[in-house]
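# Results of the structural survey
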Amino acid sequence: MSLIKGETGDWEIVLGLEVHAQVISDAKLFSGAPTAFGADPNTQVSLVDAAMPGMLPVINAHCVEQAVRTGLGLNARINLRSVFDRKNYFYADLPQGYQISQYKDPIVGEGEIEIDLEGGKSRTVGIERLHLEQDAGKSLHDQHPSQTYVDLNRSGVALMEIVSKPDMRSADEAAAYLTKLRSIVRYLGTCDGNMDEGSMRCDVNVSVRKLGGSLGTRCEIKNVNSIRFVKQAIEYEARRQVEVIEGGGTIVQETRLFDPGRGETRSLRSKEDAHDYRYFPDPDLLPLILKPEFVEGIKASLPELPDAKKARFVKEYGLTPYDAGVLVAERDTAEFFETVAKGRDAKEAVKLVTGDFFAMLNRRGATIGQSPISALHLGKLLDLQADGTISGRIAKDLFVAMEETGKDPAVLVEERGLKQVTDTGAIEAAIKAVIDGNPDKVAAYKAKPTMFGWFVGQVMKATGGKANPKVVNETLRKLLDG
Ligand code: MN
């Protein structure tokens, strides 16, 4: 919880989020038109999506399955009977004049999400509901000086509207909620979570109240499209509301827009109530009835989700909750780590993956799927170190060579002659050469034993970093002190 210090004491922020998550599906919710992102305007529009007279919607079973899968991933109740309603409003990019949505009987009821907070703490946030609905088209205001164009590619695309309970108390908690929700839908494969492509959009309901007081009037900030902006919008809006109330004013329930350029919210329209939309069951669609076996089948096919995986990583690999949390945030990353760690020293694996490997991806701006180093090869690198084939110093060079060539580290060790020298004879010869060539340093060492490190450095340099450090240390002591 974060408090706002006001003139009249401390204020608490109350937040609820409505997330529109685009369903991963090749076809739209009620038509067979494709849904690929970035297609030319109006190339993915069926007669249903354009609301031509006489067209009838036909439910896409895959989208229903995706909604149920998401509901199960949110530990939510699945409603075996749900109803599609018409939400009536006029807009130029809504050719039907209504949106097919779900109102009183959504497909998914109450559930919950565990959010991860700073310092390893976590909290439960309630889910109110999840319903299926159509997306609208898009108005393009910037293509012509005096006209607005309409692109209907998005018209009819399946969305899941996921509504939280007003359980969050700070911008950080809202960010943690969105992060976790995105992680879950990505694990489930039900939404790609790409906020910058608009496939996850967030409406934020913000109100403030005196500590322990009754709920204040809320404002809804529409369509915020990044987690950073969600945080900024909440912080601005909560402060604005406190200032209005403390200045003797009252909060008017309204819809507001966040302007990322100015970092502030501004009024868009006074808030309409549900009854303004004249919801009624869509006469073209029967109630949606699910068989319990259908739901059970989906439940049986759910992947291990982030929370369960995190707990398992802590237990199985002895990771800290923090490291485990970083590794399970994305499914690809978790799988990559497990391939590297399986049957190996997990602490070394986590150090390598979250250290040099993540740094390499960052430097290249690459995703894990684009990595030039495979999990298999990274694991082999650990093996080569563990069995003494290469030294820790050579491992660093080898990692760079693996990044450059994409080759198997064992092959690179052969090709480049990087094998660690453990042959005491060869090491001894290198040491003798250093000692014989530097009588002044030997004298200095006798007076000041900390000079020992200089000799180690010289021997490693002479052997190209390949000498086994333990053998070097032992032999040097013997020859210098003997
Ligand atoms: Mn909606």
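Cut-offs used in this document
- Residues numbered from 1 in each chain as written.
- Predicted model: local features only at pLDDT ≥ 70, side-chain atom pairs only at ≥ 80, totals over all residues.
- Heavy atoms only, no water.
- 1 Å grid on protein atoms, 1.4 Å probe; cavity = no way out; pocket = protein on both sides within 12 Å on 5 of 7 lines; lining within 4 Å.
- Points joined across faces, edges and corners; volume = space filled by probe spheres on them.
- Nonpolar A, V, L, I, M, F, W, Y, C, P; charged D, E, K, R; others polar.
- Buried < 20%, exposed > 50% of the residue type's maximum accessible area, 1.4 Å probe, protein only.
- Helix = DSSP H or I, 4+ residues; strand = E, 2+ residues; numbered from the N terminus.
- Pairing = 2+ DSSP bridges.
- Contact = heavy atoms within 4.5 Å.
- Expected span 1.5 Å × (residues − 1).
- Donors = N, O, S within 2.8 Å, 3.2 Å for Na, K, Ca; no water.
- Axes fitted to C-alpha atoms, helices over the stretch in contact; angles between N-to-C directions.
- Parallel < 35°, antiparallel > 145°, perpendicular 65-115°, else oblique.

As enumerated under the stated definition, the model contains one cavity of 30 Å³ or more in all. Forming the walls of the largest cavity are Val48, Asp49, Leu94, Pro95, Gln96, Gln134, Asp135, Ser155 and Gly156. Residues belonging to the lining of the largest cavity are distributed by class as follows: three nonpolar, four polar and two charged.

Moving on: the pairing of strand β10 (residues 158–164). Buried residues dominate β10, accounting for seven of its seven residues. Alternating residues of β10 divide into Ala158, Met160, Ile162 and Ser164 and Leu159, Glu161 and Val163, and every residue in both groups is buried. Pairing of strand β2 (residues 9–22) with β10, which is carried by five bridges, proceeds in the antiparallel orientation. Residue pairing in the sheet places Val19 in a bridge with Ile162 of β10. Sheet analysis places strand β7 (residues 122–134) next to β10, joined by seven bridges and oriented antiparallel. In the strand pairing of β10, Leu132 is matched with Met160.

Below, the discussion takes up the environment of Leu72. Structurally, Leu72 is set in helix α1 (residues 61–73). Once the C-alpha coordinates of Leu72 and Val295 are considered, the two residues, 223 residues apart in sequence, prove to be 8.8 Å apart. With residues up to four places along the chain from it excluded, the contact list for Leu72 reads Ile78, Val295, Ile298, Lys299 and Leu302.

Taking 1.5 Å per residue, 14 residues should reach 20 Å; helix α10 (residues 392–405) reaches 20 Å between its end C-alpha atoms and fits that length. Among the residues of α10, Ile394, Ala395, Leu398, Phe399, Ala401, Met402 and Glu403 are the ones counted as buried. On its buried side, α10 packs onto α8 (346–364), α9 (375–386) and α11 (409–416). Gly406 sits one or two positions beyond α10 and adopts a positive phi of about 70 degrees.

Turning our eyes to something else, we now look at the environment of Asp167. Relative to the helices and strands, Asp167 is located in the loop between β10 and α2 (171–188). Setting aside residues up to four positions removed in sequence, Asp167 forms contacts with Leu15, Arg123, Val125, Gly126 and Glu173.

Next up on the list: the coordination of the manganese ion. Ideal values for angles at a metal depend on the geometry: 109.5 degrees with four tetrahedral donors, 90 or 180 degrees with six octahedral donors. Bound to the manganese ion are the protein donor atoms His20 (NE2), Glu133 (OE) and Glu161 (OE), situated 2.0 to 2.2 Å from the metal. Since its relative accessible area comes to 3%, Glu133 is described here as buried. Here Glu161 falls in the buried class, since its relative accessible area comes to 10%.

Turning to the packing of α10 against α11, a few remarks are in order. Two numbers describe how α10 lies on α11: the axes approach to 10 Å, and their chain directions differ by 105 degrees. As far as their axial angle goes, α11 and α10 are roughly perpendicular. Along the contact surface, α10 presents Leu398, Ala401, Met402 and Thr405, while α11 presents Pro409, Leu412, Val413 and Arg416. A per-class count over the contact of α10 with α11 returns six nonpolar, one polar and one charged.

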